[in-house]
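One letter stands for each residue in the lines below.
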Amino acid sequence: MALFGFVNRLLMHAKEATISSKVFNRRLTESTCKLNTPNRYEAKNKSFLMEETQEHLNKRFDGVEISKEYVDCRPRYPSTIFQTVLNFVNTSSTKDSASKKHSLAVDIGCGPGLMSTAYLAPYFDRVLGVDVSESQIEQASLNNKHTNIEYRVSKAESLPVENNSVTLIQAAAALHWLDHERFYKECDRVLVPGGVIAAFCYTVEGHSVIDHSKATEMTEVLTEIRKKVTSAENIYYIPRQKLVKERYTDPCIQIPYADRKRVDTEYMTIATTVSGLFRFYKSLSHVKPFIESCNENSEWWNACIQKLMEAYGTNDLEAPITHKMEVFLLLGRKPNNS
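In short, a report on the structure. (Residues numbered from 1 in each chain as written. Predicted model: local features only at pLDDT ≥ 70, side-chain atom pairs only at ≥ 80, totals over all residues. Heavy atoms only, no water.)

### Describing the overall build of the protein chain
Argument step 1. On a plain count of helices and strands, the protein chain comes out with 12 helices and 7 strands.
Argument step 2. If you take every contact in the protein chain between residues at least 6 apart in sequence, the share linking residues at least 24 apart comes to 77%.
Argument step 3. Just so you have it, the protein chain exposes about 16000 Å², and 51% of that area is on carbon and sulfur atoms. (Helix = DSSP H or I, 4+ residues; strand = E, 2+ residues; numbered from the N terminus. Contact = heavy atoms within 4.5 Å. Areas by Shrake-Rupley, 256 points an atom, 1.4 Å probe, with all protein chains shown as cover.)

### A look at the side chain of Thr219
Argument step 1. The residue Thr219 is located in helix H8 (residues 215-229) in this model.
Argument step 2. A polar atom in the side chain of Thr219 sits 2.9 Å from the backbone nitrogen of Val209.
Argument step 3. Excluding residues within four positions of it along the chain, Thr219 makes contact with His207, Ser208 and Val209. (Polar contact = N/O pair within 3.5 Å; in protein donor to acceptor, adjacent residues only side chain to side chain.)

### Details of the sheet that holds strand E4 (residues 166-172)
Argument step 1. Pairing is mixed in the open sheet, where 7 strands are placed in the order E3-E2-E1-E4-E5-E7-E6. Every other strand in the sheet has two partners, leaving strand E3 (149-153) and strand E6 (259-273) as the edge strands with one partner each. Each strand of the sheet is rotated relative to its neighbour by a mean of 20°, with strand direction disregarded.
Argument step 2. Taken strand by strand, H8 contacts strand E5 (191-210) and strand E7 (320-333), and its axis lies near 115° from that of E5. (Pairing = 2+ DSSP bridges. Axes fitted to C-alpha atoms, helices over the stretch in contact; angles between N-to-C directions.)

### Section: unusual backbone geometry
Argument step 1. In the Ramachandran plot, Ala173 falls in the positive-phi region, its phi being about 55° despite a non-glycine side chain.
Argument step 2. By secondary structure assignment, the location of Ala173 is in the loop between E4 and helix H7 (180-190).
Argument step 3. According to the relative accessible area criterion, Ala173 is partly exposed, its value standing at 24%.
Argument step 4. Of note, Asp211 is a non-glycine position whose phi angle comes to about 60°, a positive value. (Buried < 20%, exposed > 50% of the residue type's maximum accessible area, 1.4 Å probe, protein only.)

### So, the pattern of salt bridges
Argument step 1. Counting across every chain of the model gives 8 salt bridges.
Argument step 2. Residue Lys307 pairs with Glu224 through a salt bridge whose shortest N-O separation is 2.5 Å. Of this pair, Lys307 sits in helix H12 (residues 295-312) while Glu224 sits in helix H8, and the two are 83 residues apart along the sequence.
Argument step 3. On the accessibility criterion, Glu224 (27% relative accessible area) is partly exposed. (Salt bridge = Lys/Arg side-chain N within 4 Å of Asp/Glu carboxyl O.)

### As for the packing of aromatic side chains
Argument step 1. By the definition in use, this model includes 13 aromatic pairs.
Argument step 2. Taking 6.3 Å as the distance between ring centres and 75° as the angle between the ring planes, the aromatic pair formed by Phe290 and Trp300 counts as edge-to-face. With Phe290 in helix H11 (residues 288-291) and Trp300 in helix H12, this residue pair connects regions lying 10 residues apart in the sequence.
Argument step 3. Given the relative accessible area of 3%, Phe290 is considered buried.
Argument step 4. Of the residues examined, Trp300 reaches a relative accessible area of 13% and is grouped as buried.
Argument step 5. Every member of this aromatic cluster is reached through a ring pair, and the members are Tyr77, Phe82, Tyr119, Tyr123, Phe200, Tyr202, Phe280 and Tyr281.
Argument step 6. When the ring centre of Trp300 is taken as origin, the NZ or CZ atom of Lys228, which lies over that ring, is 5.4 Å away.
Argument step 7. We note Lys324 situated over the ring of Tyr267; from NZ or CZ to the ring centre the distance is 4.8 Å. (Phe/Tyr/Trp six-rings, centres within 6.5 Å; stacked < 30°, edge-to-face > 60°. Lys NZ or Arg CZ within 6 Å of the ring centre and 35° of its normal.)

### Regarding the nonpolar core
Argument step 1. The biggest cluster of nonpolar side chains holds 57 residues, and the ones touching the most others in it are Leu168, Ile225, Trp301 and Leu308.
Argument step 2. Counting residues per element, this core draws most heavily on H12, which supplies 8 residues.
Argument step 3. Those residues in contact with Ile225, other than ones at most four positions away along the chain, are Phe278, Tyr281, Trp300, Trp301 and Cys304.
Argument step 4. In terms of nonpolar packing, the next biggest core, distinct from the first, is built from 31 residues, Ile169, Phe183, Tyr184 and Phe328 among them. (Core = buried A, V, L, I, M, F, W, Y, C linked by side-chain atoms within 4.5 Å.)

### Section: helix H10 (residues 274-283)
Argument step 1. Within H10, 8 of the 10 residues are buried, which leaves it mostly tucked inside the rest of the structure.
Argument step 2. Along H10, the residues classified as buried are Val274, Ser275, Gly276, Leu277, Phe278, Phe280, Tyr281 and Ser283.

### What to know about the pairing of E5
Argument step 1. Within E5, 17 of the 20 residues are buried, leaving the element largely enclosed by the surrounding structure.
Argument step 2. As paired elements, E4 and E5 share 6 bridges and run parallel to each other. Counted as the bridge partner of Ile169 is Ile197 from E5.
Argument step 3. Bridge count for E5 against E7 is 11 bridges, and the pairing is antiparallel. Its bridge partner being in E7, Ser208 is matched across the sheet by Lys324.

### Let's talk about the environment of Leu331
Argument step 1. With respect to the helices, strands and loops of the structure, Leu331 is situated in strand E7.
Argument step 2. Of the residues examined, Leu331 reaches a relative accessible area of 1% and is grouped as buried.
Argument step 3. The contact partners of Leu331, leaving out residues within four places of it in the chain, are Thr84, Val85, Phe88, Val196, Ile197, Ala198, Ile255, Asp259, Arg260, Lys261 and Val263.

### As for the environment of Thr117
Argument step 1. Tracing the chain through its elements places Thr117 in the loop between strand E1 (102-108) and strand E2 (124-131).
Argument step 2. With 11 residues separating them along the chain, Thr117 and Leu128 place their C-alpha atoms 8.1 Å apart.
Argument step 3. Apart from the residues lying within four places of it in its own chain, the contact partners of Thr117 are Asp107, Cys110, Val127, Gly129, Ile149 and Tyr151.
Argument step 4. At 2.5 Å, the side chain of Thr117 forms a polar contact with the side chain of Asp107.

Structure representation (structure tokens):
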């Protein structure tokens, strides 16, 4: 009954707002996904049943130490991902013919700004990076070297921009954390006709070490880590993170526009060190608290580091290592007649 009432209210709001695209409303209704309902996924661990509140989730990414870890440890997306996004944007008639750039892009969950926001600067007159974390925005502002980029604390579901003003809304490793119904409604409000939503993320499923004679043995250690930190024993690994494991294939997360596509088989290759690889893993929101939750987990983590170094044949934590992760991408375009 509650879901029925919600859908009715959603449709009534759509009519009152005179949203012209019936396709949008139908797809949005079909995308209904209550991730805060325990029945969304069957949990093997009782502590897994209660999804964190949005406010509590936001705290996973806030704090000076966390924002610095993002700068130091999180990988940068390859330029091919952004070029795919821009190619999709450029097929719309949203660019002013007198301008070489598009007007405005908004980067959702921008973090410190280095992984995704900064790349957009040459292609837009204005770029707005938003994040719920004050410390991430402070770090992004410190890193900002572009006069046309601004960073602001804001929820993705309530953006500080005008109606029909945005050409691109980009969400890098952020979509699974959002309230999808409210977010997509907000996108429809702020996007210009023909405007684009682009959501992409990387996954540690299939994460592998490459370009080393012992790559197979080292990859086995990464597989052990992935399986343990995403198992039911980790109470910090919550249901919505399975959306990443499933590569954004769940119906609840799909962009509710008729003109949409997904892109797979993209990869990012990261040249780092043994220490850098493990620091990246530890920067994932469900890993560090799990490791630090008890001595047993901490000892297991240290044993994994030791096993990988033994497989590598080194005692040097700063020994170079290259690893590869898959990237997947969702693209959707607001109808031109909206």
